[in-house]
Amino acid sequence: MLFTPVFALTLSAAAHADGARIDGFPPKLPPADLVLLDATIATLDPLQPQARALAVRGGKIVVLGTDAAIRRYVGEQTKVLDLHGAFVAPGFIEDHGHLMDTGESLMQIDVGKAANWDEVVAAVQAAVAKAKPGEWIVGQGWQQAKWNKLPQPNVDGLPLPAALDAVSPNNPVLLNHASGHGIIANAQALKLAGIGDDTPDPAGGAIVRDAHGHATGMLRDNAADPVFAAYDKSLKMLPPVAQQARRERALQLAVHNEISKGITTFVDQGENFKTVDWLKQQAGKGLPLRLYVYIGETSPAELDKHLAEYRTIGYADNHFTVRGIGEDVADGALGTHSAWFLEGYSDAPMLTGLSVNKIDKLSQLAKIAARDGFQVAFHAIGDRANRELLDMYQDIFNQYPEARNLRWRIEHAQHLAPSDIPRFAELGVIASMQSIHACSDAPMVVSRLGEKRAQEGAYVWKALIDAGAIVLDGTDTPVEDTNPIANFYCGVTRAYARGSKKFFPDQAKTRMQELQAYTWNNAYAIYAENELGSLAPGKLADITVFSGNLLTIPADDILRTRVLYTIIGGKVVYAHPDAGKWHRGQWFEAMPEFDHAE
């Protein structure tokens, strides 16, 4: 006897002779708040790696699937984005940046694009013409290794002060090196800071001097602190209303800068307690960008007293978290000859760099973090600095075994001794690296370190990944532009000099490794892999939409890619002004190409 399911009989009996759909079947689904259709979605979810559409409700992803399936979630109030094949990824996370510094930099003169010292001086001269006498002139981003000619005369490739003093005799000038580990200050700024020819080098810093012992105005690492203090003093003399407006403006600029470039979560590498309090207040008032903020710029005594009370997880609807300390620095930077190395620099054999903070101090801070269950994220660039931190972490893990589970990190990890590469995975230490630094530094690395050291240990992402370490990605904004597209390009090509050269390309990441570094890995590193980092039902709907498929387009086309939409918690917080002109791999109107990082 044939068996006909009751369900089938019921449908048959209810159906009209003309085959019309049964009333109420298939059942209506609760409408979504947001639906993305006709997309190329890389979910990073191993259970459903790809999809064409997705639906969002209540700030979380409801379902992913085909266009036909997801259209059933469209209601009268649903916002629908037809993406015409655009590439959809989990929201990109800026894993290492400086939020308020980024905002401040956007209010300063940009000397990063200057082709040489003469252009830097010209930019200062133009700023002086608009400034009041005595007003500080502050700039950001110069990098002497990128100049097309050396200043004449110079010390270690750095200018002498005459030209800068001539164009700004009455205005103090502070020009930040791109690395953030040195400044050039003019005579007026040095005077306000109390720095003269007889001022001794401080611990963890160096005053660059000419052949006659005169201070040139170039100050490495801690030597710049008195100039920053003098500048901060001038800001504190502003009326309180003006100070507040300036701080709010910096935050506003920084947040817009991030979301306009596809960033959905920003990892802020070190703010003092006062700034953390203020940022928490701002998050409570409503910020589109999610913030993961590290405690920094504090003494062991202050940290010991206050750290535990600052633990904050998921405040303001998952927009504000504090559960780590950083970025206290072990050394300086390659570009200023202050990164700390086991051997001397090839182009300056008498220099091995600077121990900017003593390891004993860093150990005190890390032990407090271990005691209170906090993450640690300390800065190390040179191979000596990285080894010192690995040794110190290992010692603390032996004393506090539970600290091994706190996902401690080393920020930058740029230059490693080969024997230290496997230690990251062995100790469970995360390598928080920035791809763009390799492309920016490439022109000077071999001259600084020599071919052998550069090849064996410089920006060895692949070697770390192959050894089992978790490698992150970010930009160290404002040291580099937050733009993840240029960063992605560097990560998968290691190309520089406008793409004409490649820096030890065997260390490049695959496309998927790079995408994972910017999403799931970065989420894991801030304890958020269950909420962020992949697109799956129940996870927060943080999404970045790109014009080009970063996993498949030719490498040369990556830099032509644009961020079309930034979506945080299911809300479109940024849309490219020309997003509506995008259609299946091309713009209705031609778009200008990005300049390469070089």
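Before reading on, note that the structure itself is shown above.
What counts as what
Counting of residues starts from 1 at the beginning of each chain's written sequence and follows it residue by residue. Reporting in this predicted model follows two pLDDT cut-offs: at least 70 for local features of residues, and 80 or more for side-chain atom pairs to be given and counted; totals over whole chains, interfaces and linings ignore these cut-offs and use all residues. Side-chain numbers here rest on the full set of heavy atoms in the structure, without hydrogens or water. For our purposes a nonpolar core is just a set of buried Ala, Val, Leu, Ile, Met, Phe, Trp, Tyr and Cys residues, chained together by side-chain atoms within 4.5 Å. With a 1.4 Å probe rolled over the protein chains alone, any residue whose accessible area is under 20% of its type maximum counts as buried; one over 50% counts as exposed, and the rest are partly exposed. Contacts are assigned to residue pairs with any non-hydrogen atoms lying within 4.5 Å of each other. Only DSSP runs of H or I reaching four residues or more are called helices, and only runs of E reaching two or more are called strands; each is numbered from the N terminus. In the analysis that follows, any N or O atom pair within 3.5 Å is treated as a polar contact, provided that within protein one partner can donate a hydrogen and the other can accept it, and provided that, for residues neighboring in sequence, both atoms belong to side chains. Here, a salt bridge means any side-chain nitrogen of Lys or Arg that lies within 4 Å of a carboxyl oxygen of Asp or Glu. Of the grid points, spaced at 1 Å and generated over the protein atoms alone, those admitting a 1.4 Å probe that cannot get out make up cavities, while open sets with protein on both sides within 12 Å along at least five of seven lines make up pockets; any residue with an atom within 4 Å of a point is treated as lining. Grid points are joined across faces, edges and corners, and a volume is the space filled by probe spheres set on the points. Only Asp, Glu, Lys and Arg are considered charged in this grouping, and only Ala, Val, Leu, Ile, Met, Phe, Trp, Tyr, Cys and Pro are considered nonpolar; every other residue, Gly among them, is considered polar. DSSP bridges decide pairing: two strands pair if at least two such bridges lie between them. Assignment of crossover handedness uses the view with strands pointing away from the viewer, where a clockwise path from the first strand over the helix to the second indicates a right-handed crossover. Classification of ring pairs rests on two measures: the distance between centres of Phe, Tyr or Trp rings, Trp counted by its six-membered ring, which must be within 6.5 Å, and the angle between planes, read as stacked under 30 degrees, edge-to-face over 60 and tilted in between.

> What is the right way to read the nonpolar core from this model?
Inside soluble globular proteins, nonpolar side chains tend to come together where they are buried. Counting residues in each nonpolar core, the largest one holds 115 residues, and the members touching the most others are F378, W408 and F424. What F378 contacts, discounting residues up to four positions off in sequence, is I325, D328, L362, L365, A366, L389, M392, Y393, R409, I410 and E411. Grouped together as the second largest cluster of nonpolar side chains are 22 residues, L36, I41, I61 and I543 included.

> Help me understand helix α18 (residues 484-493), please; the structure alone is not making it clear to me.
In an α-helix, one full turn covers 3.6 residues, which means residues spaced three or four apart are oriented alike. With 10 of 10 residues buried, α18 lies mostly within the body of the structure. N-cap assignment for α18: the residue whose side-chain oxygen lies 2.9 Å from the backbone N of I485 is N483. Trailing α18 by a residue or two, R494 shows a phi angle of about 55°, which is positive.

> Would you take a moment to explain the pattern of salt bridges for this structure?
Throughout the structure, instances matching the rule amount to 24 salt bridges. A salt bridge links K452 to E456; its shortest N-O distance comes to 3.0 Å. Placement of the pair is K452 and E456 together in helix α16 (residues 451-457), with a separation of four residues, close to one helical turn. Judged by relative accessible area, which is 35%, E456 ranks as partly exposed. Salt bridges sharing partners connect three or more residues here, namely R387, D391, D420 and R423.

> Got a minute to help me understand the layout of surface pockets in this structure?
Its volume calculated, the second largest pocket comes out at about 500 Å³. Looking at the second largest pocket, it is lined by 21 residues, and the ones nearest its centre are E135, W136, I137, Y231 and S234. Those elements that place two or more of their residues in the lining of the second largest pocket are α4 (117-130), β10 (137-142) and α7 (225-236). Examining the composition of the lining of the second largest pocket, we find that five residues originate from one element, α7, more than from any other. Looking at the lining of the second largest pocket residue by residue, the class counts come to 14 nonpolar, three polar and four charged.

> Hey, could you run me through the sheet that holds strand β29 (residues 563-568) in this one?
Pairing between the strands of a sheet comes from backbone hydrogen bonds, and it takes one of two forms, parallel or antiparallel. A sheet is described by the order of its strands in space; here six strands give the open sequence β3-β2-β7-β28-β29-β30, paired in mixed fashion. In the strand order of this sheet, the two ends are held by β3 (50-51) and β30 (571-575), each with one partner. Judged from the four bridges that link them, strand β28 (residues 543-546) and β29 form a sheet pairing that is antiparallel. The residue of β29 that forms the bridge with F546 is V563.

> Looking at this structure, how should I read the pairing of strand β5 (residues 60-65)?
For a regular strand, the rule is simple: side chains alternate between the two faces of the sheet. Bridging between strand β4 (residues 53-57) and β5 involves five bridges; their strand directions are antiparallel. In the sheet register, L54 faces β5, and the bridge partner there is L64. Taking the residues that link successive antiparallel strands as the turn, the β4-β5 hairpin has two residues, and the phi of G58 there is positive, at about 60°.

> Looking at this model, I keep getting lost on the sheet that holds β10. Mind explaining?
Reading across from one edge, β9-β10-β13-β14-β16-β15 is the order of the six strands in this open sheet, with mixed pairing throughout. The strands lining the two open edges of the sheet, one partner per strand, are β9 (109-110) and β15 (205-209). One ladder, built from five bridges, connects β10 with strand β13 (residues 173-177); its direction is parallel. By the bridge assignment, V138 is partnered in β13 with L174.

> What's the story with empty space enclosed by the protein in this structure? I'm lost.
A probe as big as a water molecule, rolled over the atoms, marks out the empty space that is left. The final tally for this structure, using the stated rule, is one cavity of 30 Å³ or more. Volume-wise, the largest cavity comes out at about 40 Å³. If you go around the largest cavity, the residues you meet are W117, P159, L160, P161, L164, I184, A185 and T216. Class assignment of the residues belonging to the lining of the largest cavity gives a composition of seven nonpolar, one polar and no charged.

> Hey, could you run me through the pairing of strand β21 (residues 324-329) in this one?
The buried fraction of β21 amounts to six of the six residues, a majority that puts the element mostly inside the structure. Sheet analysis places β21 next to strand β22 (residues 375-380), joined by four bridges and oriented parallel. For G324, the partnering residue across the bridge sits in β22 and is Q375. Note that the unit made of β21, helix α12 (residues 359-372) and β22 has a crossover that is right-handed.

> Teacher, can you tell me more about the packing of aromatic side chains here?
For any pair of aromatic rings, the description rests on two quantities: the centre-to-centre distance and the angle between the ring planes. Per the stated rule, a full pass over the model turns up 16 aromatic pairs. The interplanar angle of 35° and the centroid separation of 6.5 Å between the aromatic rings of F87 and F546 together place this pair among those described as tilted. Note that F87 is positioned in strand β7 (residues 87-90) and F546 in strand β28, a separation of 459 residues in sequence. Neither F87 nor F546 differs from the other in exposure class; each is buried. A ring pair is formed by F341 and Y345, whose centres lie 5.2 Å apart and whose planes are at 75°; its orientation type is edge-to-face.

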